[in-house]
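# Survey of secondary and tertiary structure
Spelled out, the chains give:
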Amino acid sequence: MYKILKKRMLNRTTVLLTVEAPLAARKARAGQFVILRADGRGERIPLTIADFDREAGTVGVIFQVVGGATMTLASKQEGEEIADLVGPLGIPTQTAGLRNVAVVGGGVGCAIALPVARRLMEEGAKVTAIAGFRTAEMVILEEELRAASHLFVLTTDDGSYGQRGNVCAPLSRMLGEGEPFDEVFTVGPLPMMKAVAETTRPRGIRTVASMNPIMIDGTGMCGCCRVTVGGERKFACVDGPEFDAHLIDFDEAMVRLRTYSAFEAKSREKHCNLFRMGSREGE
Amino acid sequence: MADLQVKTRNPMPLRDAAERTADFREVALGYDDETAIAEASRCMGCKTRPCVSGCPVGVPIPEFLRLAAQGDFEGAYQKIGEASSLPAVCGRVCPQERQCEAKCMRGIKGEPVAIGAVELFVADRHMQQGGSKISLPKPNGQRVAVVGSGPAGLACAGDLAKMGYRVTVFEALHLAGGVLVYGIPEFRLPKHIVRREIDELCAMGVEIVTNAVAGSSFTVSELLSEMGFEAVFLGTGAGLPKFMDIPGENARGVFSANEYLTRVNLMRAYEQDSETPVFRAKRVAVVGGGNVAMDAARCARRLGGEEVFVVYRRSEEELPARREEVQHAKEEGIRFEFLTNPVEILTDGEQNVTGLRCVRMQLGEAGADGRRRPTAVAGSEFSLAADCVIMALGTSPNPLLGRTTEGLVARAHGEIDADGDGRPSLAGVFAGGDAVTGSATVILAMGAGKRAARAIDAYLRGLHK
């Protein structure tokens, strides 16, 4: 069992959990992920590591409540335990030699952008962070990202906070002004990462996307997380999760991500009804 | 009548096919005492013991059958235990018709003794009576790490514990058992049986650490240095699924058998309250001909598949699956498309699977492996409708360990290069099972684990002389 030491709601649907997991914390590096299971009936949920503390033996994850499994996980409180946490899995972010990087995060993906930005800062690179959200109330980690970058731009789709529009607008402007990025790192919803890749492609700037496909074991066994990269089949769990964004087949990845969407909708409904029943009992 | 008794075996009582496809409970019902005694009595006790030569771990078969025939079921269990670590598992999943039972002299003029069915009976009887009272030797204080808790790892850990070693088993998943829990379905190997076998190991002092990925949470060299182990056994299996590299293979509704079976078996996706989804389809095509293909097809049937068919490129004779599984699959309404190979997975505009484009195959000359090579028949393309395709084409060893373990040599398909005793050229490191051989059987992996346990013992004795 793995104890939840800290729980914080970053916005209405996004949760930060700091979990006691010494074995995973020992080797954790930015860009890697862990798999958690809330309880004995729980789904294995892959989450990229948002934060870790080797000495304290803790791993931090940030996730959005999207289906039954994440609802169960979100219902756990500080001091309670979750059944399983395994990791670190996947290949860490490659930051060596990078001098000037744009880190582009979207929504809950900013949770993964943050440790990458921090790592780049530590290594002395110039970091530009661009964080995009749907609307003001979805904003997370604003102060943390600002502190982990030399230049910080925040966008919202509806203009309710920061610059109006998506992350590609400021990125495109900076590229147009001749900012010599030697890499763009992007993590967020698949359509956003695809758009970022298309923004950088004409200028030939190396672009890396962190993928978060459906997964079960996370060790190369199920083949569920397969992603087509440059025409080759890659397993995001052992070959990734980061790949050259100019080579990823994002359209295929979007189709694959929807494999269980009907089940997820049903499971969400079931959980919501359960919660409703629970609250009625309390009335 | 007596003559008939001698020639034909006592059939394993099975649940009715229509009833069993409605749930995941075990198909085999097992013998009762009288039937077990009657079947064991069919053994002629041949002096040459041909059956033993057919067993990869050399179970003393005539001896255990003789005890069972006398009604000494516990004695029979202990006799099997001299050679096998997992009798309740092997009785259920071993391909006996190709091993011990293939060599049985009874089989010349009639049916061989149902050795597997008697083994299953005595193993279950043993467990019903509360398992073993194990007398362990004095602990010798030396620590051995076993990586992977599948059949190879469990067998190795059990034997080492009996020799007095302090064994820790590391498992990447949240539950121990390897392929016994994620691969083989409940209806063929109930998970409480695996749990019991593992509980027996724990009772012998074996420590099991789940959620621990070798090559990632820790390296092999760390096990041998700061983590304090004097030897390491790698039984990491062959988990990496193969695909066909045909168009449409990444469409929605195409799964590796590993994914499909892991969702069903490990994650129990067939149970109402499991949070893990599984793709429920009406027309399911399973590509491949091994036990894994049969398992996937039979799970698909139980998950509401109305038409489930196995697509195999060779003919029925070459099917690598156990005969019993093929028979059970047929009883359950699984259809077979033999001499058929998919060339494309067909999809609709939204990338949902709609079918398979296939070619008919013919068998030519035998290849290097002695099996007749299938080749495509020109102009024979045709389509099969399906809304789900499961690829059961075999697996290769996981690359994770090789990438992080300096000095560990991988062969062509990622298998660990090791000698007959499971020694790769790395001090203190031993390996066995599918990780070394590529995908094979539970019993072969168990045998490799046992051989490695002896080699580890010899190595550590040498070290401490």
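As the structure is a computational prediction, the values presented were derived from the model and not from experiment.

Further remarks concern the overall build of chain A. When you go through chain A residue by residue, the secondary structure sums to 9 helices and 16 strands. For 283 residues, the compact-globule estimate of 2.2 N^0.38 gives 19 Å, and chain A sits close to it at 19 Å. If one aligns the C-alpha atoms of chain A with their principal axes, the spans along those axes are about 60 × 40 × 40 Å. Among the 283 residues that make up chain A, the fraction classed as buried is 57%. Once local pairs closer than 6 in sequence are excluded, the contacts in chain A between residues at least 24 apart make up 65%. Total accessible area on chain A stands at roughly 11,700 Å², and carbon and sulfur atoms take up 51% of it. A gap of 2 Å separates the mean positions of the 35 positive and 35 negative side-chain charges of chain A.

Next up on the list: the pattern of salt bridges. Residues and elements named next belong to chain B. Per the stated rule, a full pass over the model turns up 52 salt bridges over all chains. Between Glu332 and Arg20 there is a salt bridge whose closest N-O contact spans 2.6 Å. Within this pair, whereas Glu332 is found in the loop between α17 (323-331) and β9 (335-337), its partner Arg20 is found in helix α2 (residues 17-20), the two being separated by 312 residues in sequence. A salt bridge links Glu337 to Arg360; the nearest nitrogen and oxygen atoms lie 3.2 Å apart. Residue Glu337 is located in strand β9, and its partner Arg360 is located in strand β11 (residues 353-366); the two are separated by 23 residues in the primary sequence. Glu337 sits in the buried class, given a relative accessible area of 13%. Here the salt bridges share partners, and the residues they tie into one network are Arg20, Arg188, Asp295, Arg298, Arg302, Arg322, Glu324, Glu325, Glu331 and Glu332.

Our next topic: the interface of chain A and chain B. Taken together, the contact between chain A and chain B spans 44 residues of the former and 46 residues of the latter. Each partner contributes to the roughly 3,800 Å² buried at the junction of chain A and chain B, and carbon and sulfur atoms together form 50% of this total. By the criterion of area lost to chain B, the three top residues of chain A are Arg41, Met221 and Tyr260 of chain A, representing 19% of everything that side buries. In this structure, the connection of chain A to chain B is made through 6 salt bridges.

All names here are of chain B. Domain boundaries assigned for chain B yield domain 1 (2-128), domain 2 (143-239 + 396-463) and domain 3 (243-393). Taken over C-alpha atoms, the centre of domain 1 sits 31 Å from the centre of domain 3. Approximately 1,200 Å² of surface area, both sides summed, lies buried where domain 1 meets domain 3, with 52% of it carried by carbon and sulfur atoms. The largest contributions to the domain 1 side of the interface with domain 3 come from Thr21, Phe24 and Glu97, which together make up 49% of the buried area. Summed over the shared surface of domain 1 and domain 3, the number is 2 salt bridges. One salt bridge in this structure joins Arg20 and Glu331, with 2.7 Å as the shortest N-O distance. Across the contact surface, domain 1 and domain 3 share 12 residue pairs in polar contact (both at pLDDT 80 or more).

Cut-offs used in this document
Residues numbered from 1 in each chain as written. Chains lettered and ligands numbered in written order. Predicted model: local features only at pLDDT ≥ 70, side-chain atom pairs only at ≥ 80, totals over all residues. Heavy atoms only, no water. Helix = DSSP H or I, 4+ residues; strand = E, 2+ residues; numbered from the N terminus. Rg over C-alpha atoms; globule rule 2.2 N^0.38 Å. Buried < 20%, exposed > 50% of the residue type's maximum accessible area, 1.4 Å probe, protein only. Contact = heavy atoms within 4.5 Å. Areas by Shrake-Rupley, 256 points an atom, 1.4 Å probe, with all protein chains shown as cover. Lys, Arg positive; Asp, Glu negative; His and termini not counted. Charge placed at Lys NZ, Arg CZ, Asp CG, Glu CD. Salt bridge = Lys/Arg side-chain N within 4 Å of Asp/Glu carboxyl O. Buried area = accessible area lost by both parts, 1.4 Å probe. Domains from an automatic or database assignment. Polar contact = N/O pair within 3.5 Å; in protein donor to acceptor, adjacent residues only side chain to side chain.

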